[in-house]
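Listed here are the chains, written in short residue letters.
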Amino acid sequence: MAAIIMDGKTLAAKIKGQVRLRTEGMARKPGMAVVLVGEDPAALAYEAGKRKDCQECGIYYDTFRLPRTVSQEDLLEVIGALNGREDIDGILLLLPLPRHLNEREAVLAIRPDKDVDCVNPANLGQLLLGGEGFKPCTPAGVMRLLKEYGVDPAGKHCVVVGRSHVVGKPQALLLLEENGTVTVCHSKTPDLGAECRRADILVSAAGRPGLITGDMVKEGAVVIDVAMNLDAQGGLCGDVAFEAVAPKASFLTPVPGGVGPVTRAVLMENTLTAALRHGKG
């Protein structure tokens, strides 16, 4: 059995197309602002991708590139100004920040109704309680992929590898919300292979190339590779040993081209949702 490859690019194009159709009829367009501290090449490329996505979706875009030496006070002043701008519905602060900055304070400064990437504890709390806050884009993208391919977590044993507050923990909550039975694994899990072999749905977000090998996946499992790593040749890869796992899995995401594009599309969708909640239409 060869795995069905879950095409994130096609799903992302569909989501962005739906956003574009909605924004075309809006007198006041949704707006997003990205705040970038420093000149990290990866962050600059990420920011450029957000600009392109917004252009494709008919979303107004603004960016604030701050020097790496920016003070906490000046960073908070920028966020505060964006909080007060009616043309900006979503604020995306690129993380991590330089060590001299207080990341938690900066995240708390973003208005929850503009926190389209779900980093503010208010939205994370809504996620825990099943409320109406924004859902983190990557875990939400995973759920969209599962739904697109008809994979229902209800009654399934779901294993999440990684416990970050950005992916692992919210991913577990979203799978629980869909009635999956969830195990979260991490660096202190004594036998990761045994836990993974129990999974009907396996989501890996550990950030370790080749972590998930073929002998760690049971026949017919759905395998979602969230990680974006660099291999020895400098190319993009995930946590999953793709060639070894593909013959055993029923569904498998590639890296790149799997979860990543859907994550970006969900961010556009969240920005549209924020604009509608702000009375734009």
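The rules we used
- Residues numbered from 1 in each chain as written.
- Predicted model: local features only at pLDDT ≥ 70, side-chain atom pairs only at ≥ 80, totals over all residues.
- Heavy atoms only, no water.
- Helix = DSSP H or I, 4+ residues; strand = E, 2+ residues; numbered from the N terminus.
- Rg over C-alpha atoms; globule rule 2.2 N^0.38 Å.
- Buried < 20%, exposed > 50% of the residue type's maximum accessible area, 1.4 Å probe, protein only.
- Contact = heavy atoms within 4.5 Å.
- Areas by Shrake-Rupley, 256 points an atom, 1.4 Å probe, with all protein chains shown as cover.
- Pairing = 2+ DSSP bridges.
- Salt bridge = Lys/Arg side-chain N within 4 Å of Asp/Glu carboxyl O.
- Disulfide = S-S within 2.5 Å.
- Axes fitted to C-alpha atoms, helices over the stretch in contact; angles between N-to-C directions.
- Parallel < 35°, antiparallel > 145°, perpendicular 65-115°, else oblique.
- Nonpolar A, V, L, I, M, F, W, Y, C, P; charged D, E, K, R; others polar.

A. Here's a closer look at the overall build of the chain. A count of helical and extended segments in the chain gives 10 helices and 11 strands. A compact globule built from 281 residues should have a C-alpha radius of gyration of about 19 Å, and the chain, at 19 Å, falls within 12% of that. Burial analysis of the chain (281 residues in total) assigns 49% to the buried set. Counted over contacts in the chain with a minimum sequence separation of 6, partners at least 24 positions apart contribute 70%. Carbon and sulfur atoms make up 54% of the accessible area of the chain, which totals about 12,900 Å².

B. Layout of the sheet that holds strand E1 (residues 4-5). One open sheet holds the six strands; their spatial order is E1-E11-E8-E7-E5-E6, and the pairing between them is parallel. Strand pairing shows two members of the sheet lacking a second neighbour, E1 and strand E6 (181-185), which therefore form its edges. Relative to strand E11 (residues 251-252), strand E8 (residues 222-225) is paired through two bridges, and the arrangement is parallel. By the bridge assignment, valine 222 is partnered in E11 with phenylalanine 251.

C. Quick peek at the pattern of salt bridges. Taken as a whole and judged by the stated rule, the model has 14 salt bridges. Across the salt bridge formed by arginine 111 and aspartate 113, the nearest N and O atoms sit 2.6 Å from each other. A salt bridge links glutamate 269 to arginine 144; its shortest N-O distance comes to 2.6 Å. Here glutamate 269, found in helix H10 (residues 259-277), pairs with arginine 144, found in helix H6 (residues 137-148); they are 125 residues apart in sequence, far enough to count as distant. Note on arginine 144: relative accessible area 27%, which makes it partly exposed. Taken together, the shared-partner salt bridges in this structure form one network comprising Lys16, Asp53, Glu56 and Arg264.

D. Spotlight on the environment of glutamine 18. Within the secondary structure, glutamine 18 is located in helix H1 (residues 8-24). Its relative accessible area of 44% is what places glutamine 18 among the partly exposed residues.

E. Seen up close, the side chain of asparagine 270. Looking at the secondary structure, you find asparagine 270 in helix H10. In this structure, asparagine 270 is in contact with Val116, Phe134, Lys135 and Cys137, ignoring residues within four places of it in sequence.

F. The arrangement of unusual backbone geometry in detail. Of note, the amide linkage connecting leucine 95 to proline 96 takes the cis form, showing an omega dihedral of 5°. If you trace the backbone, proline 96 turns up in the loop between strand E4 (90-93) and helix H4 (103-109). Residue proline 256 follows valine 255 across a cis peptide bond; omega there is 0°. Examined against the element boundaries, proline 256 turns out to sit in the loop between E11 and H10. Phi angles above zero are rare outside glycine, and cysteine 118 is one such case at about 55°. Checked against the element boundaries, cysteine 118 lands in the loop between H4 and helix H5 (121-129). Positive phi values are uncommon outside glycine, yet asparagine 179 reaches one of about 70°. Positionally, asparagine 179 belongs in the loop between helix H7 (168-177) and E6. Given a relative accessible area of 54%, asparagine 179 falls into the exposed group.

G. Just the state of the cysteines, in detail. A full pass over the atoms with the stated rule returns zero disulfides. Considering cysteine sulfurs only, cysteine 57 is the nearest to cysteine 54, which forms no disulfide, with 7.1 Å between them.

H. Examining the packing of H6 against H10 more closely. Packing of H6 against H10 leaves a shortest axis separation of 8 Å and a crossing angle of 110°. Relative to H10, the element H6 is oriented roughly perpendicular. In contact with Cys137, Thr138, Ala140, Gly141, Val142, Arg144 and Leu145 of H6, H10 contributes Val259, Val262, Thr263, Val266, Leu267, Glu269 and Asn270. Considered class by class, the residues forming the contact of H6 with H10 number eight nonpolar, four polar and two charged.

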